[in-house]
Amino acid sequence: MQHSCVAINIVWTPSAILDFIYSSNTNHSILKAKLIYVCQQCGATSVQWKGKCPSCGEWNSLIEEMTPEKNSQAIVAVPFKDGQIVTLGSLTPEAVVRLQTTDEELNRVLGGGIVPGSVILLGGEPGIGKSTVMLQLALQNKHFRILYVSGEESLNQIKLRANRIGLTNDQCYLFPETTLEQIIAAAKKTDPDIIIIDSIQTVSAMNIDTAPGSVTQIRECTAELINYAKKNETAVFLIGHITKDGYIAGPKILEHMVDTVLYFEGDRHYNYRILRTMKNRFGSVAEIGIYEMSDRGLKPILNPSEILLTTRDEALSGIAIAAMLEGLRPMLVEIQSLVSPSPFSTPQRTATGFDAKRLAMHLAVLEKRCGLRIYVNDVFLNIAGGLKAEDPAIDLAAIAAMASSFHDIPLPAEACFAGEVGLSGEIRPVYQIELRIGEAEKLGFKKFYLSSYNQKSITRKFKNIELIFSDTVEKMLGKMF
């Protein structure tokens, strides 16, 4: 009698092995933690390593981390506390007393001062001045108790920087530490009004088994600092690194967790720095603060229009002054343009501080609506001072500067422009036109070119400046050339 044997091949996959171990172990003590891979750019997780993050597309950003296994037991019910659910009408509004610093530009971007218990995230490129502006905040405000936690510099290095800017403060406590538990303990001991963390990427918690700067460390350390800030009504400043793409390093949820996000930006080739609000739960997000970098630190610029305008004795073509608005702050900036015949078959189109796509649109308007044969010329457009402007009200000044360079005829030295230009060549109205006119009048300008549609919104009487209205670009250029 012959027996037939059938060979059965059992393939053990990793998941099958884990299921077998989990089912054979009754107390489940062998699986206390599991290994996952976390993207250091966006915070996305994966059960296996990948060369490219499937969420944000960043290469070599997945780092392995151990995370505790979730408890499968049922959620324990807790007794409900009375008074947790209220109606909106039963709440009594409480006036928030903001902390007024000596830095008026910082007060401006924060919406009028620092709100107690708020958490503010400050980002910027390396060497742009983040640590300097925070050290100035700590040393200039002697009426606050401030804890300055440094995870990147020693006490001697901070002392050298303080000597350079010439400031000192007995109410500022320096603490070179990177452990979260020690930072919380120091805060409880000193009871500060403001805590400055330089930087959040260097802080790590002892109960998390990952390197400082990882997504888990940044998220958990920030959550603990936010919890401390809300319970003790202490304002916390977090200095954050940024990536090569210009975003704050760490998970994107970090910007959602904090109350305010500030970006410190500027060109290293210029002395001016801009503090811009990207998120603010207690104020406007359209405000900016302007500083001037010097060997004595950062100096706030209270009237930026005076330093952004070039004083010259000789009139030059291709220069126009635009009245722009950042939040509720009017500013006059200088638009420079150069239009010259191109030696190449494809002319160059270069813009600095100005949207390149918007530049192409304005060139098409000059070509189609105004009859300028500008398509055979190289066009260069620059906003003086290294600023980046997004206000559409500078369109009219850009159009005037390019037309002036094309004809090689200087514009009136005492002329200012404010207006948005559409594809049909119309000059569209802009908001807060009286603030713009008032700023130009204050600086001595005699003529102000604007849209005819703004005429109804002007209620003030301007005696020292002439308002010149036009509804199309063609009519405006006809009045000037």
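Up top is the structure.
Calculation notes
Residues numbered from 1 in each chain as written. Predicted model: local features only at pLDDT ≥ 70, side-chain atom pairs only at ≥ 80, totals over all residues. Heavy atoms only, no water. Salt bridge = Lys/Arg side-chain N within 4 Å of Asp/Glu carboxyl O. Helix = DSSP H or I, 4+ residues; strand = E, 2+ residues; numbered from the N terminus. Buried < 20%, exposed > 50% of the residue type's maximum accessible area, 1.4 Å probe, protein only. Contact = heavy atoms within 4.5 Å. Axes fitted to C-alpha atoms, helices over the stretch in contact; angles between N-to-C directions. Parallel < 35°, antiparallel > 145°, perpendicular 65-115°, else oblique. Left-handed = near helix turned anticlockwise from the far one by under 90°. Nonpolar A, V, L, I, M, F, W, Y, C, P; charged D, E, K, R; others polar. Expected span 1.5 Å × (residues − 1). Pairing = 2+ DSSP bridges. Phe/Tyr/Trp six-rings, centres within 6.5 Å; stacked < 30°, edge-to-face > 60°.

**Q** Please give an account of the pattern of salt bridges that cites residues and values.
**A** Taken as a whole, this structure holds 13 salt bridges when the rule is applied. Its salt-bridge partner being E105, residue R108 comes within 3.6 Å of it at the nearest N-O pair. Taken as a pair, R108 and E105 lie in helix α2 (residues 104-109) at a separation of 3 residues, close to a single helical turn. On the basis of relative accessible area, R108 is assigned to the partly exposed category, the value being 30%. Salt bridges here are not isolated pairs; linked through shared partners, they connect E105, R108 and R329.

**Q** Just give me the short version of the environment of Q136, but keep the residues and values in it.
**A** Structurally, the position occupied by Q136 is in helix α3 (residues 130-140). Given the relative accessible area of 4%, Q136 is considered buried. Here the alpha-carbon distance between Q136 and A162, two residues 26 residues apart in the chain, equals 8.2 Å. With residues near it in sequence (within four places) discarded, Q136 still touches I165, L167, R296, G297 and L298.

**Q** Any chance you could break down unusual backbone geometry for me, citing the residues and the numbers?
**A** Excluding glycine, most residues fall at negative phi; most peptide bonds, likewise, are trans. For the peptide bond that leads from D198 to S199, omega is 0°, which places it in the cis range. As for its placement among the helices and strands, S199 is situated in the loop between β7 (194-198) and α6 (215-232). The backbone of D191 sits at a positive phi, close to 50°, despite the residue not being glycine. Of note, D191 is situated in the loop between α5 (180-190) and β7. Classification of D191 as partly exposed rests on a relative accessible area of 46%. Positioned with a positive phi, Q432 is a non-glycine residue whose angle comes to about 50°. Structurally, the position occupied by Q432 is in the loop between β19 (427-428) and α11 (433-442).

**Q** Tell me about the packing of helix α9 (residues 356-368) against helix α10 (residues 395-407), and please be specific about residues and values.
**A** The interhelical angle for the contact between α9 and α10, taken along N-to-C directions, is 60°, at an axis separation of 10 Å. Comparing their axes, α10 and α9 come out oblique. Remark: the crossing between α9 and α10 carries right-handed chirality. Along its contact with α9, which presents R358, L359, H362, L363 and L366, the element α10 presents D395, A398, I399 and M402. For the contact of α9 with α10, the residue count by class is 6 nonpolar, 1 polar and 2 charged.

**Q** Provide a residue-level description of α6, including the pertinent values.
**A** Given a rise of 1.5 Å per residue, 18 residues ought to cover 26 Å, and the 26 Å separating the end C-alpha atoms of α6 matches this to within 8%. Taken as a whole, α6 has its buried residues at V215, T216, Q217, I218, C221, T222, L225, I226, Y228 and A229. Once α6 ends, the next one or two residues include E233, with phi positive near 55°.

**Q** An account of the pairing of strand β12 (residues 297-300) is requested, with residue identities and associated values reported.
**A** Note that strand β11 (residues 288-294) and β12 share 4 bridges and pair antiparallel. Bridge pairing links E292 to K299 in β12.

**Q** Give me the packing of aromatic side chains: which residues, what numbers.
**A** A complete count under the given rule lists 2 aromatic pairs for this structure. Between F264 and Y291 the ring centres are 5.9 Å apart and the planes differ by 70°, which places this aromatic pair in the edge-to-face class. Here Y291 lies in strand β11 and F264 lies in strand β9 (residues 260-265), a separation of 27 residues in the sequence. On the basis of relative accessibility, which here comes to 0%, the residue Y291 falls in the buried class.

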